[in-house]
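What follows is each chain in one-letter form.
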Amino acid sequence: MVQIPKQSAPPSSAQRPVPTSADVARLAGVSRATVSYVLNNTSAVRISEPTRRRVHEAAKELGYVPHAAARSLRAGHSRMVLMPAPSVPVGPLYSQFFNELQWALGRLDYTVVQYGSVGLQGDEAARAWAELRPVAVLVPGSGLGPEGVGVLKRSGARAVVTMGPERVEGAHALLMDHERVGHCAGAHLVARRRRRIGVVVPQEAGLEIFSKPRLEGVRRALRGTDASVTELPLAYEEVAANRLAASWRSLDLDAVFAYNDEYAMLLTRALQDEGIGIPDETAVIGADDLMLGRLLRPRLSTVHIELPSGRDLAELVDRAVREPGAAPETHEVLGARVVHRESS
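Quick caveat, the model's predicted, so the values are computed rather than measured.

Caption draft 1: Spotlight on the sheet that holds strand β10 (residues 301-306). Here 6 strands make up an open sheet; going across it, the order is β7-β6-β8-β9-β10-β12 and the pairing mixed. One side of each edge strand has no neighbouring strand; the edge strands of this open sheet are β7 (228-234) and β12 (335-339). Neighbour-to-neighbour, the strand axes of the sheet open up by a mean angle of 20 degrees, direction not taken into account. Against the sheet, helix α12 (residues 261-273) touches β6 (196-202), β7, β8 (255-257), β9 (283-287) and β10, its axis set at about 150 degrees to β9.

Caption draft 2: Region of the structure containing the sheet that holds strand β3 (residues 136-140). One open sheet accounts for 6 strands, arranged β2-β1-β3-β4-β5-β11; its pairing is parallel. Each edge of the open sheet is held by one strand with a lone partner, namely β2 (111-115) and β11 (330-332). Between one strand axis and the next, the sheet turns by 15 degrees as a mean value, whatever way the strands run. Of the strand pairs in this sheet, strand β1 (residues 80-84) and β3 are connected by 2 bridges, and their pairing is parallel. Across the sheet, the residue bridging to Val81 is Ala136, located in β3. Its contacts with the sheet put helix α5 (residues 92-107) on β1, β2, β3 and β4 (159-164), and the angle it makes with β1 is roughly 170 degrees.

Caption draft 3: Representation of the nonpolar core within the structure. Core analysis: the biggest nonpolar cluster contains 75 residues, and Leu138, Trp248, Phe257, Leu313 and Val317 have the highest contact counts within it. Apart from the residues lying within four places of it in its own chain, the contact partners of Leu138 are Val81, Leu82, Met83, Pro84, Leu101, Leu105, Val161, Met163 and Val317. Among the nonpolar cores identified, the runner-up in size contains 15 residues, and Ala126, Ala130, Val160 and Val168 belong to it.

What counts, and where the lines are drawn
Residues numbered from 1 in each chain as written. Predicted model: local features only at pLDDT ≥ 70, side-chain atom pairs only at ≥ 80, totals over all residues. Heavy atoms only, no water. Pairing = 2+ DSSP bridges. Helix = DSSP H or I, 4+ residues; strand = E, 2+ residues; numbered from the N terminus. Axes fitted to C-alpha atoms, helices over the stretch in contact; angles between N-to-C directions. Contact = heavy atoms within 4.5 Å. Core = buried A, V, L, I, M, F, W, Y, C linked by side-chain atoms within 4.5 Å. Buried < 20%, exposed > 50% of the residue type's maximum accessible area, 1.4 Å probe, protein only.

Printed below as a string of structure tokens:
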């Protein structure tokens with residue numbers, strides 16, 4: 001283990017006073033109200049471009065930034081949108097979605113804060129989120145209940161938005177039906193005349209909110225056919241994939257839906273190392289449509305998942321903040337379609 005060496009503290013020096021809006025106003029030769037209008041992007045008051053430039057230059061020279069808490073007091077609410085950090089591993093697809101969402105909220109003058117609530121679940125986590133007094137909370141996954149929504153709203157949250165398989169009373173809901181993903185994969189494999197289909201079920205804690213609906217979707221696609229489903233528990237480790245591949249021929253499977261592209265690539269390499277031909281002996285399909293799947297040989301078939309636009313979600317949050325008394329909205333936002341490539 002690498003240790004960080006201890007160093008003696010540098011000699012203390014007198015702390016410089018924190019610059020204020022009055023300092024900026026004096027340097028720019030304007031009133032404090034003008035400073036506030038310029039730095040808070042107030043559109044109701046017209047200010048000339050040269051004046052705006054002088055204010056920004058003075059603020060930069062002094063190192064002044066507006067005080068978020070003071071601005072919240074004036075507005076009657078904060079501009080903080082809190083996003084609890086996912087408690088499960090999220091892949092590149094979801095990371096890209098959250099990045100787009102943060103950018104879109106920033107464009108609407110919200111400050112996005114990601115909160116790491118490790119060890120806290122559901123309504124207990126909501127109480128920790130409420131302590132920060134966010135104006136809106138975006139909750140990925142499941143676990144939050146009506147009680148937690150109430151705690152957040154009583155603390156001043158004007159909008160609570162859940163992103164999961166079902167709606168929660170009092171919250172706006174973006175419904176993400178992962179059963180559709182599994183159904184697409186299962187229907188594709190059946191159409192390719194595969195009849196003994198394995199479905200990877202990740203063993204990583206927390207992923208069951210995605211994997212169980214996907215497994216059920218495959219089963220639904222196979223109803224009324226002579227095809228069968230075999231569950232394949234798999235940890236995201238090379239050793240686990242190699243162990244599963246070593247027993248593959250005894251399982252007598254001719255296809256596998258590998259949960260997502262990352263598990264599909266892990267399992268594909270292990271199967272190829274065992275000399276199992278893809279797709280001749282076993283067809284493989286993943287989900288998420290990652291770029292790496294196109295670089296694999298054979299190229300990976302996948303379920304392309306369409307997540308909501310970050311801009312549309314940001315506009316929903318902004319609308320809910322401006323109209324806190326409006327009825328909660330519910331939107332089905334997860335689209336899915338198969339991209340057929342060489343592996344199936």
